[in-house]
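One letter stands for each residue in the lines below.
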Amino acid sequence: MIQYHVFPGGKKRVVTFSYDDGHINDERLAKLFTEKGIKATFHLHGKYTENLTETEVTNLRKRYEGHEISCHTLHHGWPTRMPQQSLVNEILENRKHLENIANYPVVGMSYPSGDYSDETDSVFKACGIVYSRTVNSTNNFPLPTNFLQWHPTCHHSSALALCDKFLNNIDSEWTLPLFYVWGHSFELTTEEDWAYMDTLLDKISGNDKIWYATNIEIYNYMTAQRQLVISLDEKTFTNPTALDLWVEKDKTQIIKIPAGQTVRI
Ligand SMILES: [Zn+2]
């Protein structure tokens, strides 16, 4: 039996952080994440990305370096309350601005006001969006089953207790693997708030059993895993993707299949 729940380096746990709206506090928060070795995704809407000078573009690119820049629509409307043609414009214009800043294709998203439906899924998909985060906390650690309705573990304000739960069960076969925290950096208004974040990040960082990743890195890795070609006797593995991949066999053996290679065991 082969199972996919193994991540880069053969690790079995994943941590990601995701922040909405763009704010000057992102600067301090991104630095804090970098300092602790944690990867985050920042979802930006048009207010922070329209009519920028070249210097402003360069500064934003620098601010989010090492993390992911991701969509949040142009004007932060309610996706389920607009004609599809408006929604298309909201997504594509947001993407264009962000790609100018990021210098890479921006295909991730979080829903403004957490608003989505099965119907909007198809619009986001048609606009090239491959994942989008909701604000529906699971208070648990599931991997997404539908990337366009990716439910986080919790808001950062309730993350400390869940962080302990996640770490206490880190070696358990029966607990789920992804700790996904979301929030807004503008909520960090006092030094106590920043001290809270510092405590949370200290707790969760520097653990060699955890893969620290951005949202898109998790999407890319999980999607690539599903492209592995595996023989019926589960002894030959072909990896046609550009990412090194890992799987677990019979709950005991971790197998690495390097990018573009076939592995026989
Ligand atoms: Zn928002």
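Not measured: the values here are computed from a predicted model.

Draft legend 1. Quick look at the overall build of the protein. Of the regular secondary structure elements, the protein holds seven helices and 12 strands. Against the compact-globule benchmark of 18 Å for 265 residues, the protein has a radius of gyration of 19 Å, which places it among compact chains. Each of the three principal axes of the protein carries a C-alpha extent, and together these read 55 × 45 × 35 Å. Among the 265 residues that make up the protein, the fraction classed as buried is 49%.

Draft legend 2. Broad picture of the sheet that holds strand β8 (residues 229-230). As summarised here, the arrangement of the three strands in space is β8-β9-β12, forming an open sheet in which the pairing is antiparallel. Single-partner strands in this sheet number two, and they are β8 and β12 (262-264). Here strand β9 (residues 236-238) runs beside β12; their pairing, made up of three bridges, is antiparallel. The residue of β12 that forms the bridge with T238 is T262.

Draft legend 3. A look at the pattern of salt bridges. As enumerated under the stated definition, the model contains 14 salt bridges in all. Among the ionic pairs, K36 bridges to D202, the shortest N-O distance being 2.8 Å. You can see K36 sitting in helix α1 (residues 25-36) and its partner D202 sitting in helix α6 (residues 191-204), a full 166 residues away along the chain. Using a relative accessible area of 15% as the deciding quantity, one classes K36 as buried. Between D250 and K249 there is a salt bridge whose closest N-O contact spans 3.6 Å. Classification of D250 as partly exposed rests on a relative accessible area of 41%. Via salt bridges that share partners, K36, D198 and D202 belong to a single interconnected network.

Draft legend 4. Molecular detail of the sheet that holds strand β11 (residues 253-257). Across the sheet, which stays open at both edges, the three strands sit in the order β1-β10-β11 with antiparallel pairing between neighbours. Every other strand in the sheet has two partners, leaving β1 (2-3) and β11 as the edge strands with one partner each.

Draft legend 5. Geometry of the domain arrangement of the protein. What the domain assignment reports for the protein is domain 1 (13-223) and domain 2 (229-264). Here the C-alpha centre of domain 2 lies 30 Å away from the C-alpha centre of domain 1. In this assembly, four residues from domain 1 lie in contact with five residues from domain 2. The junction of domain 1 with domain 2 conceals about 330 Å² of combined surface from both sides, 54% of it contributed by carbon and sulfur atoms. In terms of surface lost to domain 2, no three residues of domain 1 exceed E173, N220 and Y221, which account for 92% of the buried area on that side. Applying the counting criterion to the domain 1 and domain 2 interface returns one salt bridge. The partner of K251 in a salt bridge is E173, and the shortest N-O contact between them spans 2.7 Å. In this assembly, domain 1 and domain 2 are joined by two residue pairs in polar contact (both at pLDDT 80 or more). For the side of domain 1 that touches domain 2, the class distribution of residues is two nonpolar, one polar and one charged.

Draft legend 6. How the structure looks around the coordination of the zinc ion. Around the zinc ion, the protein supplies D21 (OD), H72 (NE2) and H76 (NE2) as donor atoms, at distances of 2.1 Å. Ordering the donors of the zinc ion by residue number gives the pattern D-x50-H-x3-H. Remark: H72 occurs in the loop between β4 (68-71) and α3 (84-102) and D21 occurs in the loop between β2 (13-20) and α1; sequence separation between them is 51 residues. Across this residue pair, the class does not change: D21 and H72 are buried.

Draft legend 7. Main features of the environment of P144. Looking at where P144 falls in the secondary structure, it is placed in the loop between α4 (118-126) and β5 (154-155). Put simply, P144 and E56 are 88 residues apart on the chain and 35 Å apart in space, counted from C-alpha to C-alpha.

Draft legend 8. Representation of helix α7 (residues 215-225) in the model. Counting buried positions along α7 gives eight out of 11 residues, so the element sits mostly inside the fold. When we look at burial in α7, the residues that qualify are N215, I216, I218, Y219, Y221, M222, A224 and Q225. Tucked inside the fold, the buried residues of α7 contact β2, β3 (40-44), β4, β6 (178-183), β7 (210-212) and β10 (245-249).

Draft legend 9. Region of interest: the packing of aromatic side chains. A complete count under the given rule lists 17 aromatic pairs for this structure. Measuring from ring centre to ring centre gives 5.2 Å for W150 and Y180, while their planes differ by 85°; the resulting arrangement is edge-to-face. Of this pair, W150 sits in the loop between α4 and β5 while Y180 sits in strand β6; the two residues are 30 residues apart in sequence, bridging distant segments of the chain. Like Y180, W150 is buried. Ring geometry for F166 and F179: centres 5.3 Å apart, planes at 25°, overall stacked. Residue F166 is located in helix α5 (residues 159-168), and its partner F179 is located in strand β6; the two are separated by 13 residues in the primary sequence. In this structure, F166 and F179 share a single accessibility class: buried.

The rules we used
- Residues numbered from 1 in each chain as written.
- Predicted model: local features only at pLDDT ≥ 70, side-chain atom pairs only at ≥ 80, totals over all residues.
- Heavy atoms only, no water.
- Helix = DSSP H or I, 4+ residues; strand = E, 2+ residues; numbered from the N terminus.
- Rg over C-alpha atoms; globule rule 2.2 N^0.38 Å.
- Buried < 20%, exposed > 50% of the residue type's maximum accessible area, 1.4 Å probe, protein only.
- Pairing = 2+ DSSP bridges.
- Salt bridge = Lys/Arg side-chain N within 4 Å of Asp/Glu carboxyl O.
- Domains from an automatic or database assignment.
- Contact = heavy atoms within 4.5 Å.
- Buried area = accessible area lost by both parts, 1.4 Å probe.
- Polar contact = N/O pair within 3.5 Å; in protein donor to acceptor, adjacent residues only side chain to side chain.
- Nonpolar A, V, L, I, M, F, W, Y, C, P; charged D, E, K, R; others polar.
- Donors = N, O, S within 2.8 Å, 3.2 Å for Na, K, Ca; no water.
- Phe/Tyr/Trp six-rings, centres within 6.5 Å; stacked < 30°, edge-to-face > 60°.

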